[in-house]
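Breakdown of the fold
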Amino acid sequence: MLNFDSLADDPILHKDRVLFSPSIQPLFKKIATLLDIPWTSIYANDPLNPTLGIEIEAENIDPDASWEPLHGIWIQKEDGSLRKGGREYITIPLQFSALLKAFQLLATSIPEAKFTHRCSTHVHIDVRHMTRSQMVTFILLYALCEPLLFAFAGKFRRHNNFCVGIEYTNDLNEMLLTAHHGRIASDNLQKYAALNILPAYVSGQDVTRYGTFEFRHLFGTLNAITLMDWCSLILRLRMAAIEIDLSWLIQKTRYLNVDSSYSILLEKIFKDSLSIFWNYVSINDLPRLLEKHVSRVKQSVLHHEFSRKLSDTLPEENSQYLKGLKRMYPHAFKSKITLLPPDPLCVTSTEADLALLHYTWSSTLIETAPLAQEPTEDST
Amino acid sequence: MSPFDINEDPKDLKKKWANAMIRLKLDNDFEPVLIKDFLDNNLSIKCCHSKHGTILIEANKYEWDVTLPERGWFNSVGGAHFCCHYSIRQWQKGVCNMTMHFFRPTINWRTPSFMLQLGAKPNISNFDNVSDAWEGRHITLDQAVPLLRGYRKLEVAISREIALTLSPLSECNLLVIWYDLTPIGWYDDKKDQILINNTAFHQELFDFVKRNKLSCLISTA
């Protein structure tokens, strides 16, 4: 569990300002005309109007089509995970107001594009100006709202291996630790999380440091309404992370499952964009969808001495647990057993347990399972 | 529908699936099998099944379920395990070291060497019990108490979120209640009473008692 009391209210991330040579201005002005925006808003570094970067994967693209950037807005890249002439289209950093035109331009440029289960849409949002406490708030708000975002993205994406939600993993603590310390706290954090926070912190291996959080939930699409709705939800989440005080949120979370004021909190976060969700979930489903996530957040942020003591203490001599161990595994206690305390940085660090369980499956089958049925001769 | 691409190179197919566990529909029920090999141009799959041993399955004639189990507690041999997913690039498929993490949070001080010293031998029930990870079958509170008190289990999952364990403290013989990965209080089986220490989870326990129509009292420790 984390201690947020000492969290300094300082922005920890780079506030790099992209400096462009005057020669690039004509290109920016051309792009600005296409998108109907002021040219200064391209690559803008405005804390209150953050830029977004969109990656859209598509298949069925003409293999002879040019690889040149489309309109100077969309960069094309090859993507090994796609088939049938699949390409990834990536925008330059754009503010929300420019996105609709950008989507429409891409849609008219690749009318042959098809979207299969292999395709997805990733949205990067600028977090460079956010303080550590705002980033912790961002992650907590996301953790609370994740089921709604997956309701939007659909059942298939919810079970996808390339955008694994907090719902399934133990990543939340490590994400919060990372935001809290301003550096990656664990090797367990990987880019295939539904909310990938690595681009804000690291550079190297498979990840580039962009100063962004990446939302990987959405399926591949060029439907402008879907894309705009999705981007507006992400933008609202980020704005709420700035507006909502972290300590207020923690207190609110403590009693959220008691007073079931989910919709009030959601209105505070998503404001007028909240209605987008009602196309996918019913307001009556909110308790069912959110209560587990509220509990997960509580586990991460609410300190309690009892919980810590019980999960960290070695079983004491004469304790029921040790008696149980001795009764169940008497042979093991013939020799001296060394109990080591848990690794304080890794709350659930028993990799060995999976190894053992997996070993038991394999070994069971190889060594002890009777070859009861062999339907064909080949099976031997 | 088969999740296997029979046109794929057999070596790649084996690399992706070998030693992974997925579920196969047999006799109207999905049961876990361990994939071993692909034969006959990938049309037949050699699998291991807990009851039938090694079996050969025609991939396209059976229904497969590649869904991974949900996060949470499930009962397994010797006690209960907690399962969760990894968010890494999962080029390997099914339930395997790359996609899933199974552990016993009740004893996070347990080390690999300790596990080996315990010498928990594999047996057939291990395999069967894994299916509980998918099914979400849990033991009731009434059933859990004798298992724990009789030292037949070290911990018991009574729902995906809640587990009971023996006490690791010498001065308290009550059963510890865990909510997800957090110990939150005690269960006094003699008085049929839940004592909550971490009151932030009062509502969660109250909901559990209500949904399961239990008679136990809930009070703050």
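For the structure, check the block above.
Read on for an overview of the structure. (Residues numbered from 1 in each chain as written. Chains lettered and ligands numbered in written order. Predicted model: local features only at pLDDT ≥ 70, side-chain atom pairs only at ≥ 80, totals over all residues. Heavy atoms only, no water.)

So, the overall build of chain A
When you go through chain A residue by residue, the secondary structure sums to twelve helices and seven strands. Looking at chain A as a whole, 54% of its 380 residues are labelled buried. Taking contacts inside chain A between residues at least 6 apart in sequence as the whole, the part at least 24 apart equals 72%. For chain A, the exposed surface amounts to about 17,200 Å²; the carbon and sulfur share of it is 53%. (Helix = DSSP H or I, 4+ residues; strand = E, 2+ residues; numbered from the N terminus. Buried < 20%, exposed > 50% of the residue type's maximum accessible area, 1.4 Å probe, protein only. Contact = heavy atoms within 4.5 Å. Areas by Shrake-Rupley, 256 points an atom, 1.4 Å probe, with all protein chains shown as cover.)

Considerations on the environment of Trp278 of chain A
Residues and elements named next belong to chain A. Residue position: Trp278 is located in the loop between helix H8 (262-270) and helix H9 (286-301). Residue class for Trp278 comes out partly exposed when judged on its relative accessible area of 31%. Residues Trp278 and Trp248 lie 30 residues apart in sequence; the distance between their C-alpha atoms is 26 Å. Filtering out sequence-adjacent residues up to four positions away, Trp278 remains in contact with Ile283 and Leu286.

Focus: H9 of chain A
Because an α-helix completes one turn every 3.6 residues, residues spaced three or four positions apart along the sequence face the same direction. The first and last C-alpha atoms of H9 of chain A sit 22 Å apart over 16 residues, in line with the 22 Å expected at 1.5 Å per residue. In terms of burial, H9 of chain A is a largely internal element, 13 of the 16 residues being buried. (Expected span 1.5 Å × (residues − 1).)

As for the sheet that holds strand E6 (residues 72-76) of chain B
All names here are of chain B. The three strands are arranged E6-E7-E8 in an open sheet whose pairing can be described as antiparallel. The open sheet is flanked by E6 and strand E8 (100-103), the only strands paired with a single partner. Ignoring strand direction, the axes of neighbouring strands in this sheet form an average angle of 30°. Where E6 and strand E7 (residues 79-85) come together, five bridges link them in antiparallel fashion. When the bridges of E7 are listed, Gly72 appears paired with Cys83. (Pairing = 2+ DSSP bridges. Axes fitted to C-alpha atoms, helices over the stretch in contact; angles between N-to-C directions.)

Comments concerning the side chain of His180 of chain A
Within the secondary structure, His180 of chain A sits in helix H5 (residues 171-181). A polar contact of 3.2 Å, which involves the side chain of His180 of chain A, links it to the side chain of His181 of chain A. (Polar contact = N/O pair within 3.5 Å; in protein donor to acceptor, adjacent residues only side chain to side chain.)

What about the state of the cysteines?
Residue and element names in this part refer to chain B. In the structure shown here, the tally under the stated rule is zero disulfides over all chains. Free of any disulfide, Cys84 has its nearest neighbouring cysteine sulfur in Cys83, separated by 7.2 Å. Of all cysteine sulfurs in the structure, the one in Cys172 sits closest to Cys216, which takes part in no disulfide; the separation is 16 Å. (Disulfide = S-S within 2.5 Å.)

Looking at the nonpolar core
Within the largest apolar cluster, 122 residues are counted, with the highest numbers of intra-cluster contacts made by Trp74, Phe213, Phe215 and Leu237 of chain A. When sequence neighbours within four positions are dropped, the list of residues in contact with Trp74 of chain A reads Ile54, Ile56, Pro69, Tyr89, Ile90, Thr91, Ala102, Phe103 and Leu106 of chain A. If you look at the next biggest cluster of nonpolar residues, it comprises 16 residues, including Leu310 of chain A together with Phe82, Cys84 and Ala157 of chain B. (Core = buried A, V, L, I, M, F, W, Y, C linked by side-chain atoms within 4.5 Å.)

Observations regarding the packing of H8 of chain A against H9 of chain A
Residues and elements named next belong to chain A. Direction vectors running N to C along H8 and H9 enclose 80°, while the axes themselves pass 11 Å from each other. Here H8 is positioned roughly perpendicular relative to H9, judged by the angle of their axes. When H8 is examined against H9, the residues Tyr262, Ser263 and Leu266 are found in contact with a partner set consisting of Leu286, Pro287, Leu290, Glu291 and Val294. The class makeup of the residues in the contact of H8 with H9 is six nonpolar, one polar and one charged. (Parallel < 35°, antiparallel > 145°, perpendicular 65-115°, else oblique. Nonpolar A, V, L, I, M, F, W, Y, C, P; charged D, E, K, R; others polar.)

Observations concerning unusual backbone geometry
All names here are of chain A. Positioned with a positive phi, Ser260 is a non-glycine residue whose angle comes to about 50°. With respect to the secondary-structure elements, Ser260 resides in the loop between helix H7 (246-259) and H8. Positive phi is not limited to glycine here, since Asn318 has a value of about 70°.

Re the side chain of Thr178 of chain A
By the element assignment, Thr178 of chain A lies in helix H5. Among the residues examined, Thr178 of chain A registers a relative accessible area of 0% and is labelled buried.

Some thoughts on the sheet that holds strand E2 (residues 29-39) of chain B
Across a sheet, paired strands are connected by hydrogen bonds in the backbone, their directions being either parallel or antiparallel. Residues and elements named next belong to chain B. Sheet architecture is open: five strands sit in the order E4-E3-E2-E1-E5, paired in antiparallel fashion. Each end of this open sheet is capped by a strand with a single partner; those strands are strand E4 (53-58) and strand E5 (64-65). With six bridges joining them, E2 and strand E3 (residues 44-49) adopt antiparallel strand pairing. Note that in E3 the partner of Phe38 across the bridge is Ile45.

Concerning the environment of Ala133 of chain B
All names here are of chain B. Locating Ala133 in the fold gives a position in helix H3 (residues 124-135). For Ala133, a relative accessible area of 0% gives the class buried. With 50 residues separating them in the primary sequence, Ala133 and Cys83 have C-alpha atoms 7.6 Å apart. Setting aside residues up to four positions removed in sequence, Ala133 forms contacts with Pro69, Glu70, Phe74, Phe102 and Arg160.

Comments concerning the packing of aromatic side chains
All told, the structure shown has 15 aromatic pairs over all chains when counted by the stated rule. Centroid distance Phe4 of chain B to Trp64 of chain B: 5.1 Å. Interplanar angle 85°. Geometry classified as edge-to-face. Taken together, the positions of Phe4 of chain B in the segment before helix H1 (10-17) and Trp64 of chain B in strand E5 put the pair 60 residues apart, joining distant regions of the chain. Classification of Trp64 of chain B as buried rests on a relative accessible area of 8%. Above the ring of Trp67 of chain A, the side-chain terminus of Arg87 of chain A is found at 3.7 Å from the ring centroid. Above the face of the Trp91 of chain B ring, Lys15 of chain B is positioned so that its terminal group lies 5.7 Å from the ring centre. (Phe/Tyr/Trp six-rings, centres within 6.5 Å; stacked < 30°, edge-to-face > 60°. Lys NZ or Arg CZ within 6 Å of the ring centre and 35° of its normal.)

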